[in-house]
Number of protein chains: 2
Amino acid sequence: MTTRPPEAGPEAGEAALLRTVTSFDRLLGLLRRLSTPDGLSLTAASTLYRLEEFGAHRVSDLAVAEGVTQPGMTQLVSRLERDGLAERRSDPADRRVVAVAITPAGRELVRHRRRARAAKLSELLGDVSAEERAAIELSLRVLERLAAASPPAAVPVPTPTTTEPGTDPAADPGRGT
Amino acid sequence: MTTRPPEAGPEAGEAALLRTVTSFDRLLGLLRRLSTPDGLSLTAASTLYRLEEFGAHRVSDLAVAEGVTQPGMTQLVSRLERDGLAERRSDPADRRVVAVAITPAGRELVRHRRRARAAKLSELLGDVSAEERAAIELSLRVLERLAAASPPAAVPVPTPTTTEPGTDPAADPGRGT
DNA sequence: AGTTTTACATCACCTGCTTATAGAAGTGTC
DNA sequence: GACACTTCTATAAGCAGGTGATGTAAAACT
């Protein structure tokens, strides 16, 4: 662990990449330690966050965005609906489409979860320097951006209206291609 | 998204923390996109990495280190053993204990996986600036360190010998408390 | 109108965890 | 040195959350 500046040689970057990959594969273990007892799986939480931030989505767009198959997302939406956290709305313009939207209860749970996990994360970051903390915050945002931009471009609702995202019950779930 | 220096006010850190938590919960989706077809779950990969880097571990230590229950780890070890990637050795000093060690085939697979995922990650990081890339590398190492240090301190084998870690078949899997 | 494509749901199945419990081996007590 | 107690791993039963294959209805093409 030499304190190598980022502009080191190219093969040094190669070695660092291998280390980074290892750390990557260990992330799930860390996520498990942050677990909160709200009964929400990681995919469920991420989906709810998305619905809250960007408004209604069609099922297939959610599937791509979360990196699961369409049947998997259909089932997840069914679970969310059963628990009152999301709801299905039919699109009058295209009756094949289902628009999935978050419910007030879903919003409430998202708020609670965010706070609970923030507290846990804050505790976990107790011994971390401000510099490292800043690096974590930056890199997680970058990684999130990468996830959104990667393979088949899972672009959420383009929010064509000027309403608050996710608050418009008639938000157009048009596909994001 | 102002380019705020890390020494900003305390309540600004609070808001950033909430964003960070959200990104955190989305990490699984990103991990799914990196998937390689080697049939290794994230926990399995992380466990193999650990065995490769730090040598033999007892089952319960692995369970703590990976954040799963002891029966869960017993089953994972059984799967690894069935696939020839790890093996159980009995500890003559304490016959309750099982020392789990990686096999040559396991090492081989770890090498392949690391390279395959490094290639995928490298591709994913194509548009990322060197600065952001350095932040990612740093933060992942910090997060890995945090995971290792958090709850009941899952310290691996102290490697009392001077042999290459993980290459000594008789590495003492003494508990790390 | 007939074919093809798109969008979602359903089905059967599997992996990877969980909790509860059992069993075997070490440890401390008297 | 027999007893209770603790520690370590394994087993059993069950559930959540995925997958791939397929069904069904609506839209789009020609």
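This structure is a prediction, so every number in the text was calculated from the model and none was measured.

Trainee: For the nonpolar core, give the residues involved together with the corresponding values.
Mentor: Membership of the largest hydrophobic core comes to 76 residues, with the highest contact counts inside it found for F24 of chain A together with F24 of chain B. When sequence neighbours within four positions are dropped, the list of residues in contact with F24 of chain A reads L143 of chain A together with L30, L31, L34, L121 and L140 of chain B.

Trainee: Outline the interface of chain B and chain A, listing residues and values.
Mentor: With 63 residues of chain B in contact, the opposing surface of chain A contributes 62 residues. Interface area for chain B against chain A, summed over the two sides, is near 6,200 Å², with a carbon-plus-sulfur share of 67%. Sorting the residues of chain B by area buried against chain A places D25, R26 and R33 of chain B first, and these three jointly supply 13% of that buried surface. On inspection of chain B and its partner chain A, the count reaches 10 salt bridges.

Trainee: Please give an account of the protein's contact with DNA strand C that cites residues and values.
Mentor: Inspection of the region around DNA strand C gives 24 residues, with S60, Q70 and R88 of chain A together with T69 and R79 of chain B positioned closest. A share of 64% is what sugar and phosphate atoms reach among the atoms of DNA strand C within 4 Å of the protein. Between DNA strand C and Q75 of chain A there is a distance of 3.2 Å, counted from a base nitrogen to a side-chain nitrogen or oxygen. In the model, a base oxygen of DNA strand C is placed 2.9 Å from a nitrogen or oxygen of the R96 of chain A side chain. If you list the elements that add at least two residues to the surface near DNA strand C, you get α4 (59–66) and α5 (70–82) of chain A together with α5 (70–82) of chain B.

Trainee: If you had to explain the pairing of strand β3 (residues 98–102) of chain A to someone new, which residues and values would you point to?
Mentor: Residue and element names in this part refer to chain A. When you tally the buried positions in β3, you get four out of five residues, the bulk of the element. Relative to β3, strand β1 (residues 57–58) runs antiparallel, the two sharing two bridges. Bridged to H57 within β3 is V100. Examined bridge by bridge, strand β2 (residues 86–90) and β3 share five bridges and lie antiparallel to one another. Looking across to β3, one finds that R88 is bridged to V100.

Trainee: How would you summarise the relation of the copies chain B and chain A if you had to cite specific residues and measurements?
Mentor: Rotating chain B by 180 degrees and translating it 0.0 Å along the rotation axis places it on chain A, where the RMSD comes to 0.0 Å. On the angle and the small slide along the axis, the relation comes out as a two-fold axis. Considering only C-alpha atoms, the part of chain B nearest the rotation axis is A135 of chain B, at 2.5 Å. A symmetric contact is evident, with 98% of the interface residues of chain B recurring at the interface of chain A.

Trainee: Account for the UniProt feature "domain: HTH marR-type" (unreviewed entry) in chain A, naming residues and giving values.
Mentor: The feature "domain: HTH marR-type" (unreviewed entry), as annotated in UniProt, sits at residues 14–148 of chain A in this numbering. Within the segment residues 14–148 of chain A, helix and strand shares are 69% and 9% respectively, and the terminal C-alpha atoms sit 25 Å apart.

Trainee: How would you sum up the protein's contact with DNA strand D? Please name residues and give values.
Mentor: Near DNA strand D you find 25 residues, and of these T43, T69 and R79 of chain A together with S60 and R88 of chain B are the closest. In DNA strand D, atoms within 4 Å of the protein come 65% from sugar and phosphate. Within the contact set of DNA strand D, a phosphate oxygen lies 2.5 Å away from a side-chain nitrogen or oxygen of T69 of chain A. R79 of chain A is positioned such that a nitrogen or oxygen atom in its side chain is 2.7 Å from a phosphate oxygen of DNA strand D.

Trainee: Which residues make up the sheet that holds strand β2 (residues 86–90) of chain B, and what values do they have?
Mentor: Residue and element names in this part refer to chain B. The strand order across the open sheet formed by three strands is β1-β3-β2, and the pairing between neighbours is antiparallel. Looking at strand neighbours, the two that pair on one side only are β1 (57–58) and β2, the edges of this open sheet. Those strands touched by α5 are β2 and β3 (98–102), and its axis lies near 115 degrees from that of β2.

Cut-offs applied
Residues numbered from 1 in each chain as written. Chains lettered and ligands numbered in written order. Predicted model: local features only at pLDDT ≥ 70, side-chain atom pairs only at ≥ 80, totals over all residues. Heavy atoms only, no water. Core = buried A, V, L, I, M, F, W, Y, C linked by side-chain atoms within 4.5 Å. Buried < 20%, exposed > 50% of the residue type's maximum accessible area, 1.4 Å probe, protein only. Contact = heavy atoms within 4.5 Å. Buried area = accessible area lost by both parts, 1.4 Å probe. Salt bridge = Lys/Arg side-chain N within 4 Å of Asp/Glu carboxyl O. Near = heavy atom within 4 Å. Polar contact = N/O pair within 3.5 Å; in protein donor to acceptor, adjacent residues only side chain to side chain. Helix = DSSP H or I, 4+ residues; strand = E, 2+ residues; numbered from the N terminus. Pairing = 2+ DSSP bridges. Least-squares fit on C-alpha atoms with pLDDT ≥ 70 in both. UniProt positions renumbered as here; feature names shortened; annotations may be inferred. Axes fitted to C-alpha atoms, helices over the stretch in contact; angles between N-to-C directions.

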